[in-house]
Amino acid sequence: PEVENLFRDCRISLTGKENKYALIEFTADVNSQSALAAVFQLSLSGFRPVIVHPERFYFVQRHPEVAGEMQSRGALIMPNATSFMGHYGMTAMDTAEKILQSGFADALASDAHRPDYYEQYLLGCKYVAKKFGNSLLYELTWKTPCKILGYEPESEHDDFDPFTEK
């Protein structure tokens, strides 16, 4: 819960052009108040928390609006695309859907620890595109990740379709 300990113990991973984004995964015993406090502390320390797979956290499953609270405190919210395919169960799938419908998602993660995860990631991306449109998929899988990594994303095209070979 104390950000200073994370830095001292070198247990925080930073990314981005200026190393200002911190990928955050909460443990099962963290509650919403602790999570919100950690996000706030990181933000005050000059870092932008990126909350990975919030749909799998019990406190977000019970109260999806907490993802919006973390976002309002400076965090980016990154659910897994595989969650939309039921990869982590129905509760995570429903919560991921609520996060996306509420506009709390900033990017989509693959959580691809092995090559066989990519097929499920692609299916999740197709689901998002079909239900919410290619424009949102572009934001979640290209525009925001480019900004996190310090690159200027290509301009959005009205005909953006990542599933058609060109």
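Residues numbered from 1 in each chain as written. Predicted model: local features only at pLDDT ≥ 70, side-chain atom pairs only at ≥ 80, totals over all residues. Heavy atoms only, no water.

### Considerations on the pattern of salt bridges
Per the counting criterion, the structure on display carries 3 salt bridges. Asp-111 serves as the salt-bridge partner of Arg-56, at 2.9 Å between the closest nitrogen and oxygen. Taken as a pair, Arg-56 in the loop between strand S3 (48-52) and helix H3 (58-62) and Asp-111 in the loop between helix H5 (90-101) and helix H6 (117-132) lie far apart in primary sequence, 55 residues in all. Between Glu-97 and Lys-131 there is a salt bridge; the shortest N-O distance is 2.6 Å. One end of the pair, Glu-97, is in helix H5; the other, Lys-131, is in helix H6, and 34 residues separate them in sequence. Given the relative accessible area of 44%, Lys-131 is considered partly exposed. (Salt bridge = Lys/Arg side-chain N within 4 Å of Asp/Glu carboxyl O. Helix = DSSP H or I, 4+ residues; strand = E, 2+ residues; numbered from the N terminus. Buried < 20%, exposed > 50% of the residue type's maximum accessible area, 1.4 Å probe, protein only.)

### Re the packing of aromatic side chains
Applying the stated criterion across every chain, the model contains 4 aromatic pairs. Aromatic pair Phe-26 and Phe-59: ring centres 6.0 Å apart, planes at 70°, arrangement edge-to-face. Residue Phe-26 is found in the loop between strand S2 (21-24) and helix H2 (32-44), and its partner Phe-59 is found in helix H3; the two are separated by 33 residues along the sequence. Taken individually, Phe-26 and Phe-59 each receive the classification buried, so the pair is uniform in this respect. Between Phe-57 and Phe-59 the ring centres are 5.8 Å apart and the planes differ by 15°, which places this aromatic pair in the stacked class. Summarising the burial analysis for this pair, Phe-57 and Phe-59 share the class buried. In textbook terms, an aromatic cluster arises when at least three aromatic residues are bridged by ring pairs, as seen for Phe-26, Phe-57 and Phe-59. (Phe/Tyr/Trp six-rings, centres within 6.5 Å; stacked < 30°, edge-to-face > 60°.)

### Structural notes on the nonpolar core
The biggest cluster of nonpolar side chains holds 32 residues, and the ones touching the most others in it are Phe-26, Ile-51, Phe-59, Met-70 and Leu-108. Elements that contribute at least two residues to this core include exactly S2, H2, H3, helix H4 (65-72), H5, H6 and helix H7 (134-149). It is H2 that provides the largest number of residues to this core, a total of 5 residues. Here Ile-51 is in contact with Ile-24, Phe-26, Val-39, Phe-57, Met-70, Ala-75, Leu-76, Ile-77 and Met-78, once residues within four sequence places are set aside. (Core = buried A, V, L, I, M, F, W, Y, C linked by side-chain atoms within 4.5 Å. Contact = heavy atoms within 4.5 Å.)

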